Every structure is written in structure tokens, then in C-alpha cells.
There are 2 protein chains.
Amino acid sequence: MIYQRVALIGLGLIASSMAHAMRANGLAGEIVGYAKSPETRAVAKELFCDRVTESAAEAVRGADLVVLAVPVGVMGEIAAEIGQHLAPGATVTDVGSVKQAVVDAVTPHLPAGVHFIPGHPMAGTEYSGPRSGFATLFQNRWWLLTPPEGCDPEALARLRQLIEGMGAKVDLLDVGHHDLVVAVVSHVPHAIAYTMVGVADHMRRVSQSEVIKYSAAGFRDFTRIAASDPVMWRDVFLTNKDAVLDILGRFAEELFVLQRAIRMGDGEHLHAYFTRTRAIRRGIIEAGQGLACAWRPRPGRRTSTARPVRW
Amino acid sequence: MIYQRVALIGLGLIASSMAHAMRANGLAGEIVGYAKSPETRAVAKELFCDRVTESAAEAVRGADLVVLAVPVGVMGEIAAEIGQHLAPGATVTDVGSVKQAVVDAVTPHLPAGVHFIPGHPMAGTEYSGPRSGFATLFQNRWWLLTPPEGCDPEALARLRQLIEGMGAKVDLLDVGHHDLVVAVVSHVPHAIAYTMVGVADHMRRVSQSEVIKYSAAGFRDFTRIAASDPVMWRDVFLTNKDAVLDILGRFAEELFVLQRAIRMGDGEHLHAYFTRTRAIRRGIIEAGQGLACAWRPRPGRRTSTARPVRW
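Residues numbered from 1 in each chain as written. Chains lettered and ligands numbered in written order. Predicted model: local features only at pLDDT ≥ 70, side-chain atom pairs only at ≥ 80, totals over all residues.

1. As for the overall build of chain A
Quick reminder of the rule: The way it works is that DSSP assigns letters per residue, a run of H or I at least four long becomes a helix, a run of E at least two long becomes a strand, and they are numbered from the N terminus. We call a residue exposed when 12 or fewer other C-beta atoms sit within 10 Å of its C-beta, buried when the count reaches 20 or more, and partly exposed for counts in between; the C-beta positions come from the backbone. The contact criterion used here is simple: two residues whose C-beta atoms, placed from the backbone, lie within 7 Å are in contact.
Per the secondary structure count, chain A includes 12 helices and 9 strands. The burial tally for chain A puts 57% of its 311 residues in the buried class. When contacts within chain A are restricted to residue pairs at least 6 apart in sequence, long-range pairs at least 24 apart make up 76% of them.

The following block contains the structure:
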């Protein structure tokens, strides 16, 4: 057991998965939960919480770990509610996909003697809510922490032990750098997927059911991405605005260069570009990231488990 | 056995998978192969062809089915080479991802009495070449046919039987409509994935290895798509130019609207948009397309086999 009492504020996919993982691995003495909706609390009590409370303040009382698992846009409000009720020496962490905005919103509300260690589990599914969690969500996934300067090493080591106990890999990053990297590898790809699915919706009215009927491979991946939680993604784009707009701008420029090459019929440009992106994919497989998921690329002959990617 | 002798012209992923599937299901008497490269021919002879030839003309002699499985850009050249050597009554099909350009390039070279039935198997992997094929590639995938007006019903029924024998589902489409639908569900998503991977490559130089290291979920799907065969994709964009430019234009407009909402901090717009795209995803799952692949979305509680899609 790493923490005597863990308080989960917000009881969606991430919090419920944490509860299942902590239970499965005996990492927490008591798991207390709070969510705004009584229905959510009832489900949590039934499925994975030892106890639920009717306020966030009540949930954090006596907890040695408090996890803020609410949308990024309400982190500050929750921090204001719980600040004065936190136990001295407690650790507070969050699971938001953006870090600078959370640090700015939460830090002012925390009393001295409480350790705030912002975190970002890079794991999820297209499903949300208290019924969507499962114990192995974090298995082999990165869980990034952005501890502030002067962070207590013991508090950090303990949180790290909990996270690794749930099967994740921990890395420490600077807050600003975190937000830029995730803009590239997560936020902008999501913005793009949302957009492409929106375009297909125009076309659906033109071409009836074909777009949906034949939506395998490329496009299906996009629709899966675009099915993620709308509130979470709204807050991500509102709070990581600068990095997202920077990367979106680069993307638009790059797309126009490709579009121009298609319009001009510049086969050499297209071939060279596609060859380069293929090499980048190889780099990712060599870095081992391709192996961290259920689907494994294998060298040589494909088997029926290879996931199709082009038509 | 549906055809006595099948000639495969071009021996990459699709042709080699067809050969494996025809052998596994006893669909062809003899499988003859031709490819430009002697190395490819040697691999094909070893792995899946009964016989390989040193010219396309030689390969099609006496074949009752000829499959053009070369990049779309060389279909016309190959058709010119084989036209005079085709057996009377033979069926010719192709496996190109674009149909109007193939029809225009191939039809003029075929003698009367030969049945040309253009096709498009909507299946593939990120791998290419004669070693990449496997017998189950087409299992439960769509294989679209765009038969010309007045197409011989018997020839069509026989080709359909072969394709269904390899495990695929057949649908008939008008040529132009086919090219528009695949622009939406395949060609433009690929262009976008290529572009995003290119942008990440800029950033890799800025942020060192993090972009590759943390590239799970959203972005990893993009890199997988962007690893497809460069020659094939060059030809797709050159030959389905009009439909691709139309959809890319719509995409750019739609993306700018989203980008503006992010810049303006318009949370209502973002939330409404993301809610709508989520509903489209649900529509796709209900249409059953989500079930046709190795990964199955399941209702209710996730298990460890659910593929992560957001961070």
C-alpha cells in the first residue's frame, strides 16, 4: 500500500481506471470519490469507490493523495473548493492533458506544506464516464509529470511508485515543453481528425451512405479519434491555445505545399515527400513506441493480425 | 476452381495476397506472375506463383483472368503491352485505388471480346512488396467493382465469385462516384496524415526525441497511415486530382473555422462541433464498419484490448 487514502475528484475514464488499477494492485488503503453528478457517484460507489462524498471538500479530508480528474477548465474552481481542507503533507496531482493552464489555475489555492505534482497519463479510449474505466488502461503507457522547482523528492518518489504500480512509465518534463510536445503528438492530430470527420459529414449528404459504409482504414482511424470526450477536448484547445495555433499554422502551410504539388501534378515532389514520412514512421517503430500497443508491427511477412492501413 | 489460369501483372502486396488467398481456397488452376524486377519474380516463384514470365505479354497468354496490380500510373503502358496477347473471352480487372484514370488508360488497348471489369480491393497494410502478402488480407473487406455499361453478366458473376471466395464483400459503383467517395474516406485522410507527420518532423529537430518517444494514440495512427507505399500514393494523388482537390479545399475551410474558434476562445462552438463528430462516429459503428477489423469497439466496460485513442 502506497497511500492510506486516495481522493478522486471527478470520476470519469481516467479516475475510474485508476481506482480499478489501484485495487487490482493493492496500492491504496481507501478510495474516496467525488463527482458533481449523483448518478456518477452512485455508479462509482457500486463499481470502484469505497466511499463517495457530496462535496469535493469532504472527499479530500484526511487523504494523503488527491487526484484532480476533472476537465482542465474546472481545475481552478475545484482547487479553490478543496484548498483549505487538504491534510498537511498531502500530495495533490492532476491528470489534465495540458499542464501550464492547470499549474496557473491550481497553485494559488494550495496551502504551504501540500505537494502539488501535475501529471498527464497518456492513455485513454474513445469512451468516457465512470463505467468506461478498466485496470489495465495505463499498462506500458507514458505518464508524464511536471514537478515544480523545489518539489519534495520523497513526495515525488511516492507518486511515481503509485503510477508505476499501475503499470505506467514515468517521465519528468518541463511544463512549457510538455505543452508543445503534446500539441504536436496529440492535440493537433485530434483537431485534424475532428475536421476531417466534419468534412465527411458534408459529403454524406451528397453521397448518401457510402462514406460511412466504406469508411475503413485511414478514415476510420480519424473517426475513432474524433469520438473522444467533447468537454475534455474543448478545454484542451482553449487552454493550450498558443502551442496548438503554432502547430496548426505549420500544418496549414505544409498542407498547402502538398495541395499545390497535387494541383501542379508534381510527381517527384509527392514521391520524395511520401518517402520521407515513411522513414519517420520507421523511426517511431525503432524507438519502440509502436510496440507499446495491442497492435504490433512485425518485420517480414504479414499475418492476419496486421491492421490494414491503406486502400 | 473458378479460373483455369490467372495472370498477375505486378507482384506486390495485393497480388501476392490474392495468390495466397486463391491457393488457400482452391480458386485458380494455375497462377502465372510477371513483375518488372527479376528479384521480385524470384520471390514470387518461391512463395506463391506456379510460374513467372519475363514479359507481361507472355504472362497473359491463355489466361482466362488477368489482374493488373501495378501502380495506377503504369496501367496504360501495361495494357498496351498485353492487349494483342489476351485470350478471346478473357476477363481483365485491376486493383487500382482510382478508377476513372484506369478506365481511360486501359480501355483503348483492349480488343473486342475481352471483358474489362475495373476493381478496387479496399484492403492493405503499411507494408509493400512480394513478401508482404497474406491469404486473409481481404477477409470481410469491401472490394468495389465499377463495371462499364453493357458489361457481360456472366463475366461479372464469375469475377465476383472469385473475390467472394477470397473472403471479400463485393459492391458495384459508378466510376466517378467511386473516385469521389474514396477521396473522402481514403485519399484525403492519407494526404492529411502525410502532412501531419511532416510537421512533426520539423518539430523533432526542435524538441529532440520527445515527439517520437511519446507518439502514442492520435499521432501514431497518422504515422502508420503515412508509412504506405510512396509510388502508389503519388499515383493516387496525380490521377484522382479533381476529387482530392475538391475535398482538400473543403477540409482547409473547415480547419480554418476550427482554428478561428480556438483563437477566439469560442468554447461553445468547439463543444458543439466535437459533439457532432462524435455522433458521426456512432453512425459508423452502427453501420457495422467498425466491426470489420481486428479491433472491435464494444459497448459498456472497456477491456485491455481496447485501443487507446486520446491522451
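The structure having been displayed, the exposition proceeds.
2. Things to note about the sheet that holds strand β1 (residues 3-9) of chain A
Residues and elements named next belong to chain A. The criterion, for reference: Whether two strands pair comes down to DSSP finding at least two bridges between them. For helices, the axis comes from a line fit to the C-alpha atoms of the stretch in contact; other axes are also lines fit to C-alpha atoms, and the angle between any two N-to-C directions lies between 0 and 180 degrees.
Spatial strand order, β3-β2-β1-β4-β5-β6: 6 strands in an open sheet with parallel pairing. Of all strands in the sheet, those bounded by a partner on one side alone are β3 (51-52) and β6 (115-116). Here 4 bridges tie β1 to strand β4 (residues 65-68), and the two strands are oriented parallel to one another. If you follow Ile9 over to β4, its bridge partner there is Leu68. In the packing of helix α1 (residues 13-24) onto the sheet, the strands contacted are β1, β2 (28-34) and β4, and the crossing angle to β1 comes to about 160 degrees. Contacting β1, β5 (91-94) and β6, helix α6 (residues 153-165) crosses the sheet at an angle of about 50 degrees to β5.

3. Structural notes on the domain arrangement of chain A
Residue and element names in this part refer to chain A. Defined as follows: Each domain span listed reflects an automatic or database assignment of domains. Think of it as three bins: nonpolar holds Ala, Val, Leu, Ile, Met, Phe, Trp, Tyr, Cys and Pro, charged holds Asp, Glu, Lys and Arg, and polar takes everything else, Gly as well.
According to the domain assignment, chain A consists of domain 1 (3-173) and domain 2 (177-243). Using only C-alpha atoms to locate each centre, domain 1 and domain 2 end up separated by 27 Å. With 14 residues of domain 1 in contact, the opposing surface of domain 2 contributes 16 residues. Of the residues that constitute the side of domain 1 that touches domain 2, the class distribution is 6 nonpolar, 6 polar and 2 charged.

4. A closer look at the pairing of strand β8 (residues 142-145) of chain A
Residue and element names in this part refer to chain A. Selection criterion: When the strands point away from the viewer and the connection leading from the first strand across the helix to the second strand turns clockwise, the crossover is called right-handed.
Here β8 shows two buried faces, one formed by Trp142 and Leu144 and the other by Trp143 and Leu145. Note that strand β7 (residues 119-121) and β8 share 3 bridges and pair antiparallel. If you follow His120 over to β8, its bridge partner there is Leu144. Two elements, β8 and strand β9 (residues 169-172), share 4 bridges in a ladder whose sense is parallel. Each residue of the ladder has a partner; that of Trp142, found in β9, is Lys169. Between the parallel elements β8 and β9, the chain passes through α6 in a crossover that is right-handed.

5. Here's the deal with the pairing of β1 of chain A
All names here are of chain A. By the criterion of burial, β1 is predominantly enclosed, with 6 of the 7 residues buried. Note that β1 and β2 share 6 bridges and pair parallel. By the bridge assignment, Leu8 is partnered in β2 with Gly33. Read as a crossover between parallel neighbours, the route from β1 over α1 to β2 is right-handed.

6. Some words on the confidence of the model for chain A
All names here are of chain A. Put simply, the rule reads: pLDDT: the predictor's confidence for each residue, scored from 0 to 100.
Across chain A, the average pLDDT comes to 87, with 88% of residues at or above 70. Note on residues 289-311: pLDDT under 50 across the span, and 56 contacts to partners over four residues away in sequence or across chains. Overall fold confidence (pTM) sits at 0.81, and the ipTM for the predicted complex is 0.81.

7. Quick notes on the sheet that holds β8 of chain A
All names here are of chain A. Ordered by their spatial adjacency, 3 strands build an open sheet running β7-β8-β9, and the pairing between neighbours is mixed. Strand pairing shows two members of the sheet lacking a second neighbour, β7 and β9, which therefore form its edges. Each adjacent strand pair in this sheet contributes to an overall mean axis angle of 20 degrees, direction not counted.

8. Things to note about unusual backbone geometry
All names here are of chain A. Its identity as a non-glycine residue notwithstanding, Asn140 has a phi of 65 degrees, on the positive side. Structurally, Asn140 is set in the loop between β7 and β8. Classification of Asn140 as partly exposed rests on a count of 13 C-beta atoms within 10 Å.

9. Some points on the packing of helix α11 (residues 241-264) of chain A against helix α11 (residues 241-264) of chain B
To be explicit about the condition: Every angle not falling under 35 degrees, over 145, or within 65 to 115 is termed oblique; those three ranges are roughly parallel, roughly antiparallel and roughly perpendicular. Note on convention: the crossing is left-handed when the near helix lies turned anticlockwise from the far helix by less than a right angle, right-handed when the turn is clockwise.
Between α11 of chain A and α11 of chain B, whose axes approach to 11 Å, the crossing angle comes to 165 degrees. In terms of orientation, α11 of chain A and α11 of chain B fall into the roughly antiparallel class. Both α11 of chain A and α11 of chain B take part in a crossing whose hand is left-handed. Mapping the contact onto sequence places Lys241, Val244, Leu245, Leu248, Ala252, Leu255, Gln259, Ile262 and Arg263 of chain A in α11 of chain A and Lys241, Val244, Leu245, Leu248, Ala252, Leu255, Gln259, Ile262 and Arg263 of chain B in α11 of chain B. Considered class by class, the residues forming the contact of α11 of chain A with α11 of chain B number 12 nonpolar, 2 polar and 4 charged.

10. Focus: helix α10 (residues 230-239) of chain B
Along α10 of chain B, 9 of the 10 residues are buried, which leaves the element largely enclosed by surrounding structure. Those residues of α10 of chain B that fall on the buried side of the exposure criterion are Pro230, Met232, Trp233, Arg234, Asp235, Val236, Phe237, Leu238 and Thr239 of chain B.

11. Description of the environment of Pro108 of chain B
All names here are of chain B. Within the element layout of this structure, Pro108 appears in the loop between α5 (100-106) and β6 (115-116). In this structure Pro108 comes out as exposed when scored by C-beta crowding, with 11 C-beta atoms within 10 Å. Considering only alpha carbons, one finds Pro108 and Leu248, 140 residues apart in sequence, at a separation of 31 Å.

12. Description of the environment of Lys169 of chain B
Residue and element names in this part refer to chain B. Locating Lys169 in the fold gives a position in strand β9 (residues 169-172). Between the C-alpha atom of Lys169 and that of Leu144, which follows or precedes it by 25 residues, the distance is 8.2 Å. In this structure Lys169 touches Asn140, Trp142 and Trp143, once residues within four positions along its chain are discounted.

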